[in-house]
Amino acid sequence: PPVAGEAPLISSRFLYRMTAVIAVLVVLTVAIGVGGQWFGQRIALAGHTDSTEELLIQIGQDKLSLPANTIRFRDQRQSGVAERVDLYLTWPELKGYSAEMRPRFDDIAQSSALIFLQLSQSTMSRDMSGRLEPIYSKLFEGGPQPVNFGLTLHRLRPDSGYGNEIVLTASRPDAQDYVVRCLLPGPGGKPTSGDCQRDIHIGQDLTVLYRFSSALLKDWQHIDAAVRLFVETRLAK
């Protein structure tokens, strides 16, 4: 016991403070552990989500039920009215993001196996096929050139405003001509994930602009039909 008149080496107040500090450190350690795990998962997802929750989104007069994991941008993953929504889908599965499909979404070398869609309210009365005769044909330079996969290549005048893009068309017996604009890679170059684009009208007044790699041009008929079916089956009745 301490000698009379001398203070103890460790006071009760000091013990209380040490106990409180230790308790705070324990709480912080647990919080860091939990928060680190959550943050690690967020980094691993890199803006993607594997949630298949159905979101009801209205664009103009059209309502669509879309799985969250097909929506490209985080701030668009909410139900309600929107000016547009951007999607990304695997090809040929037309599926959204998932752990097993992650390399296709994160690896640039595999991004040509994705199709990108932008859904918005129509601002033009004609889609790309409908613009072939009144607009694009007036901008063609030189004669048409037959190319692979039943497509015909048309070059555009330098003053057309489309840069180095070309137009590819194909006749279809039961529909308007297929029309797609592409920025094809030069000699020694490689196709990018979205160097071809086409837009179609669906629903009441919905424009679906979709982009895909020119490496997939061999599948142009299947892609066009699949994109149309994907959107049409998600229109709310």
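Since we're looking at a predicted model, the values are computed, not measured. Residue numbers here run from 1 along each chain, matching the order of that chain's written sequence. Local features in a predicted model are, by the rule used here, given only for residues with pLDDT of at least 70; side-chain atom pairs are given and counted only at 80 or more, and totals for whole chains, interfaces and linings are based on all residues. Side-chain descriptors were evaluated using all non-hydrogen atoms of the structure, hydrogens and water having been removed beforehand.

How should I be thinking about the side chain of His 154 in this particular structure?
Numbered from the N terminus, helices here are DSSP runs of H or I no shorter than four residues, and strands are runs of E no shorter than two. Along the chain, His 154 falls in strand 7 (residues 152–156). Under the rule applied, a polar contact is a pair of N or O atoms within 3.5 Å (in protein, one hydrogen donor and one hydrogen acceptor; residues adjacent in sequence only if both atoms are side-chain atoms). At 2.9 Å, the side chain of His 154 and the side chain of Thr 169 are in polar contact. We call two residues in contact when some of their heavy atoms are within 4.5 Å. Dropping the residues within four chain positions of it, His 154 is found in contact with Phe 140, Pro 144, Ile 166, Val 167 and Thr 169.

Please clarify how the pairing of strand 9 (residues 178–182) should be interpreted in this entry.
Note on strand geometry: in a regular strand, side chains alternate between the two faces of the sheet. Each residue's exposure class comes from its accessible area (1.4 Å probe, protein chains only) as a fraction of the maximum for that residue type: buried when under 20%, exposed when over 50%, partly exposed otherwise. In terms of residue burial, strand 9 counts as a mostly covered element, since five of its five residues are buried. Residue alternation in strand 9 divides its side chains into two sets, Tyr 178, Val 180 and Cys 182 and Val 179 and Arg 181, and both sets are buried. If DSSP finds at least two bridges between two strands, the strands pair. As paired elements, strand 8 (residues 166–170) and strand 9 share five bridges and run antiparallel to each other. Its bridge partner being in strand 9, Leu 168 is matched across the sheet by Val 180.

Can you walk me through the nonpolar core in this structure?
Most often, soluble globular proteins keep nonpolar side chains buried together rather than apart. To qualify as a nonpolar core, a set must consist of buried Ala, Val, Leu, Ile, Met, Phe, Trp, Tyr and Cys residues joined through side-chain atoms within 4.5 Å. Counting 39 residues, the largest nonpolar core has Ile 115, Leu 117, Leu 119, Val 208, Tyr 210, Phe 212 and Val 231 as its most contacted members. The leading source of residues in this core is helix 3 (residues 220–232), at six residues. Discounting chain neighbours no more than four positions away, the residues touching Val 231 are Leu 64, Leu 117, Leu 119, Ile 202, Leu 206 and Val 208. In this structure, Met 128, Leu 132, Val 167 and Val 179 belong to the second largest nonpolar core, which totals eight residues.

Help me understand the environment of Leu 55 in this model?
Mapped onto the elements of the fold, Leu 55 is located in strand 1 (residues 54–59). Excluding its chain neighbours within four sequence positions, the residues that come into contact with Leu 55 are Leu 64, Ser 65, Leu 66, Ala 68, Ile 71, Arg 77, Gln 78 and Ser 79.

What's the story with the confidence of the model for the chain in this structure? I'm lost.
Low-pLDDT stretches of the model should not have their predicted coordinates read in fine detail. As a per-residue measure, pLDDT tells how confident the predictor is, with possible values from 0 to 100. Taken over all residues, the pLDDT of the chain has a mean of 88, while the share at 70 or more is 82%. Contacts of residues 2–7 to residues separated by more than four positions or lying in other chains number zero contacts, the stretch itself having pLDDT below 50.

How should I be thinking about the pairing of strand 7 in this particular structure?
The sheet contact formed by strand 6 (residues 140–146) and strand 7 spans four bridges and is antiparallel. The partner of Phe 140 across the bridge, within strand 7, is Leu 156. Hairpin connection between strand 6 and strand 7: a loop of five residues separates the two successive antiparallel strands, and Phe 149 in this loop has a positive phi of roughly 65 degrees. Relative to strand 8, strand 7 runs antiparallel, the two being bridged by four bridges. Residue pairing for strand 8: Leu 153 is matched across the bridge by Leu 168.

Is there a simple way to think about the packing of aromatic side chains in this case?
Both the distance between ring centres and the angle between the ring planes are used here to describe each pair of aromatic rings. We call Phe, Tyr and Trp rings a pair once their centres come within 6.5 Å, taking the six-membered ring for Trp, and we label the pair stacked below 30 degrees between planes, edge-to-face above 60, and tilted otherwise. Considering all chains together, one arrives at five aromatic pairs under this definition. Look at Tyr 178 and Trp 220: their rings are 4.3 Å apart centre to centre, the planes differ by 35 degrees, and that puts the pair in the tilted class. Taken as a pair, Tyr 178 in strand 9 and Trp 220 in helix 3 lie far apart in primary sequence, 42 residues in all. Classification of Tyr 178 as buried rests on a relative accessible area of 0%.

What is the right way to read the state of the cysteines from this model?
A covalent bond between the sulfur atoms of two cysteines is referred to as a disulfide. Working definition: a disulfide is two cysteine sulfur atoms within 2.5 Å of each other. Evaluated as defined, the whole model comprises one disulfide. Between Cys 182 and Cys 196 runs a disulfide, and the two sulfur atoms are separated by 2.1 Å. Disulfide Cys 182 to Cys 196: torsion about the S-S bond roughly 110 degrees, handedness right-handed. In this pair, Cys 182 sits in strand 9 while Cys 196 sits in strand 10 (residues 196–202), placing the two residues 14 residues apart along the sequence.

Hey, could you run me through the environment of Ala 226 in this one?
Within the fold, Ala 226 resides in helix 3. Judged by relative accessible area, which is 17%, Ala 226 ranks as buried. Between the C-alpha atoms of Ala 226 and Trp 91, which are 135 residues apart in sequence, the distance is 9.7 Å. In contact with Ala 226, other than residues within four places in its own chain, are Trp 91 and Leu 94.

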